[in-house]
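Residue-level structure breakdown
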Amino acid sequence: MMVADTNLQAWLDTVPGTQPSVIIPYVQSRENGAVRYQLVATKHGASGTSVINQSGDVRLKANTPTALTRFSLSVGERDQCKIELVLFANGNAAGTYRFACPRAQ
């Protein structure tokens, strides 16, 4: 994970018991404000390549986790998968976060 603005934190959560997994990226800031996000999830597997692209704007309340979006993704045992989340504040890149895809338990 690379972070350009330590004022922002980002993480992934999953909805328990969902198949395929429902993934929810969250962001939190120490200050009120707005961020724009771009999310790309890429999975390579035996059945081919799958890419999810999402973007949007969200208002942040200080010290309150804010869900950016939600999406589902089925990741097999041998699949290669990554999620990249880029945050922008005031038109400038504020952080790039890279995550491994959550796998079904």
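The preceding data block contains the structure.
Reading guide: rules and limits
Residues numbered from 1 in each chain as written. Predicted model: local features only at pLDDT ≥ 70, side-chain atom pairs only at ≥ 80, totals over all residues. Heavy atoms only, no water. Salt bridge = Lys/Arg side-chain N within 4 Å of Asp/Glu carboxyl O. Helix = DSSP H or I, 4+ residues; strand = E, 2+ residues; numbered from the N terminus. Buried < 20%, exposed > 50% of the residue type's maximum accessible area, 1.4 Å probe, protein only. Polar contact = N/O pair within 3.5 Å; in protein donor to acceptor, adjacent residues only side chain to side chain. Contact = heavy atoms within 4.5 Å. Pairing = 2+ DSSP bridges. Disulfide = S-S within 2.5 Å. Core = buried A, V, L, I, M, F, W, Y, C linked by side-chain atoms within 4.5 Å.

**Digging into the pattern of salt bridges**
Counted under the stated rule, the structure contains three salt bridges. Across the salt bridge formed by Asp79 and Lys43, the nearest N and O atoms sit 3.9 Å from each other. Here Asp79 is found in the loop between β6 (71–73) and β7 (80–89), whereas its partner Lys43 is found in strand β3 (residues 33–45), with 36 residues between them in sequence. Here Asp79 matches Lys43 in class, with each residue buried. Its salt-bridge partner being Arg98, residue Glu84 comes within 2.8 Å of it at the nearest N-O pair. Remark: Arg98 occurs in strand β8 (residues 92–100) and Glu84 occurs in strand β7; sequence separation between them is 14 residues.

**Notes on the side chain of Asp79**
For Asp79, a relative accessible area of 14% gives the class buried. In terms of polar contacts, Asp79 uses its side chain to reach the backbone amide nitrogen of Gly76, at 2.6 Å. Look past the residues within four positions of Asp79 in its chain and what remains in contact with it is Lys43, His44, Gly45, Ala46, Ser74 and Arg103.

**Section: the pairing of β8**
Across eight bridges, the pairing between β7 and β8 is antiparallel. Bridge pairing in β8 places Val86 opposite Thr96. Count of turn residues in the β7/β8 antiparallel hairpin: two residues, of which Asn90 carries a positive phi of about 55°.

**A look at the state of the cysteines**
Counting across every chain of the model gives one disulfide. Residue Cys81 pairs covalently with Cys101 via a disulfide, S to S 1.9 Å. Across the S-S bond of Cys81 and Cys101 the torsion is about -65°, and the bridge reads as left-handed. Taken together, the positions of Cys81 in strand β7 and Cys101 in the segment after β8 put the pair 20 residues apart, joining distant regions of the chain.

**Quick look at the nonpolar core**
Leu8, Phe71, Leu73, Ile83, Leu85 and Leu87 are the most contacted members of the largest nonpolar core, which totals 24 residues. Excluding its chain neighbours within four sequence positions, the residues that come into contact with Leu85 are Ala10, Tyr37, Gln38, Leu39, Leu68, Gly95, Thr96, Tyr97 and Phe99.

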